[in-house]
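# Breakdown of the fold
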Amino acid sequence: MTIEIKDIARPPRSLCDALAAIGTATLSSELAQHLGIRDAQIRGPKPLKKGKTIAGPALTLQCMPMREDLYGAAEYENPELQLHRHVMYPTQPGDVIVVDARGDLGSGIFGEMMLTFFAGRGGVGVVIDGCIRDSAKAAEIDLGIWVRDVTPNYHAQTNIIPFAVNVPVACSNVLVIPGDIVVADDDGVVLVPVGLAPKLVEIAGQHAEWEEFARIRLSEGGDLRKYYPLTPEAEAEYRAWRAAQAR
């Protein structure tokens, strides 16, 4: 049996890197205030280990409720029928896997071996509205991992089965289109619609720059009422500061 999985259109790597440098907190607020995306956070998944920031296009895996007539329970019986493997096959450097696992806490979508394969192909992170297993070993892999929890069970052992690859999914009730950009750090996970990403970098980059100026002034004892957000007086000071930085 041959399973054909569509690949995705990928944005420029430079665009993803720019979003990662800005961070989820600023991206979330700027999406809400300027681009009409009220709530871009994928709630639930938390970092398995702190200190990792990723941004990349989404490869998607959709899970559905278990039906034994459609999917056998044996973990290694005809592995190529297991769609959770196929979501990894198109991986290119910088990709992120997003899994709609229905918030299920009893099935480990990926384990150490598959996550090792994904990292070896250049994948930078996984975001799962559910669990992984082999968590201690997984934490040692150079990979960002955001999950609801961990479990000893394998991917289809309990209540869900992998159902479709690279289709639109609802990850923690957030619509993710394959190729959308996922940004994740210690604050959480934010979905950036790929068509809005260039404008978001422009707007959020300006925000991050004036916040850097404000942070400096506040650390020097500056007045919060003047510097956050910037008053007109502080904006003039900020423009002079920015001009000085450019010289």
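Definitions and cut-offs
- Residues numbered from 1 in each chain as written.
- Predicted model: local features only at pLDDT ≥ 70, side-chain atom pairs only at ≥ 80, totals over all residues.
- Heavy atoms only, no water.
- Helix = DSSP H or I, 4+ residues; strand = E, 2+ residues; numbered from the N terminus.
- Buried < 20%, exposed > 50% of the residue type's maximum accessible area, 1.4 Å probe, protein only.
- Contact = heavy atoms within 4.5 Å.
- Areas by Shrake-Rupley, 256 points an atom, 1.4 Å probe, with all protein chains shown as cover.
- Lys, Arg positive; Asp, Glu negative; His and termini not counted.
- Charge placed at Lys NZ, Arg CZ, Asp CG, Glu CD.
- Phe/Tyr/Trp six-rings, centres within 6.5 Å; stacked < 30°, edge-to-face > 60°.
- Core = buried A, V, L, I, M, F, W, Y, C linked by side-chain atoms within 4.5 Å.
- Salt bridge = Lys/Arg side-chain N within 4 Å of Asp/Glu carboxyl O.
- Pairing = 2+ DSSP bridges.
- Arc of directions from axis to C-beta.

## Notes on the overall build of the chain
Of regular secondary structure, the chain possesses eight helices and ten strands. On the principal axes, the C-alpha backbone points of the chain span a range of 70 × 30 × 30 Å. Sorting the 247 residues of the chain into buried and exposed places 47% on the buried side. A separation threshold of at least 6 residues defines the contact pool for the chain, and within that pool the share at least 24 residues apart is 73%. Counting every atom, the chain has about 12100 Å² of accessible surface; 52% of that belongs to carbon and sulfur. Distance between charge centres in the chain, computed from 24 positive and 32 negative side chains, equals 4 Å.

## Some words on the packing of aromatic side chains
One pair of aromatic rings is described through two measures. These are the centre distance and the angle between the planes. All told, the structure shown has six aromatic pairs when counted by the stated rule. When the centroid spacing of 5.8 Å and the interplanar angle of 45° are considered together, the rings of Trp210 and Tyr228 count as tilted. Within this pair, whereas Trp210 is found in helix α6 (residues 197-219), its partner Tyr228 is found in the loop between α7 (224-227) and α8 (232-246), the two being separated by 18 residues in sequence. Taken together, a centroid distance of 5.9 Å and an interplanar angle of 70° make the contact between Phe213 and Tyr227 edge-to-face. One end of the pair, Phe213, is in helix α6; the other, Tyr227, is in helix α7, with 14 residues separating them in the sequence.

## Regarding the nonpolar core
Ranked by size, the top nonpolar core spans 25 residues in total, and within it Ile97, Val99, Ile109, Phe110, Leu115 and Ile128 carry the most contacts. Setting aside residues no more than four positions away along its own chain, Ile97 makes contact with Leu59, Val87, Met88, Phe110, Phe118, Gly125, Val126 and Val127. Core analysis: the second largest hydrophobic core is formed by 17 residues, Cys16, Leu27, Val192 and Leu200 among them.

## Describing the pattern of salt bridges
Under the counting rule described, the total for this entry stands at 15 salt bridges. For Arg13, the salt bridge identified is with Asp17, shortest N-O distance 3.1 Å. With Arg13 and Asp17 both in helix α1 (residues 13-22) and four residues apart, the pair spans about one turn of that helix. Among the salt bridges present, the one from Glu209 reaches Arg242, with a minimum N-O distance of 3.7 Å. A residue pair is termed long-range when its members are at least 10 positions apart, and Glu209 in helix α6 and Arg242 in helix α8 qualify at 33 residues.

## A word on the pairing of strand β10 (residues 188-192)
Most of β10 is tucked away: five of the five residues are buried. Side-chain alternation along β10 places Gly188, Val190 and Val192 on one buried face and Val189 and Leu191 on a second face that is also buried. In this sheet, β10 lies alongside strand β9 (residues 181-185) in antiparallel orientation, the contact comprising five bridges. The residue bridging Val182 from the neighbouring strand is Leu191, located in β10. The turn joining β9 and β10, which pair antiparallel and follow one another in sequence, is formed by two residues.

## A look at helix α4 (residues 112-120)
Looking at α4, one finds that the buried residues are Met114, Leu115 and Phe118. Along the axis of α4, the buried residues cluster in a sector spanning 100°; they form a single face. What points out from α4, more than 90 degrees from its buried face, is the exposed set Met113 and Gly120. The inward-facing, buried residues of α4 abut α3 (83-86), β3 (96-100), β4 (125-132), α5 (135-138) and β5 (144-150). Backbone geometry just downstream of α4 places Gly122 in the positive-phi region, at approximately 105°.

Taken by themselves, the reported measurements are silent on function.
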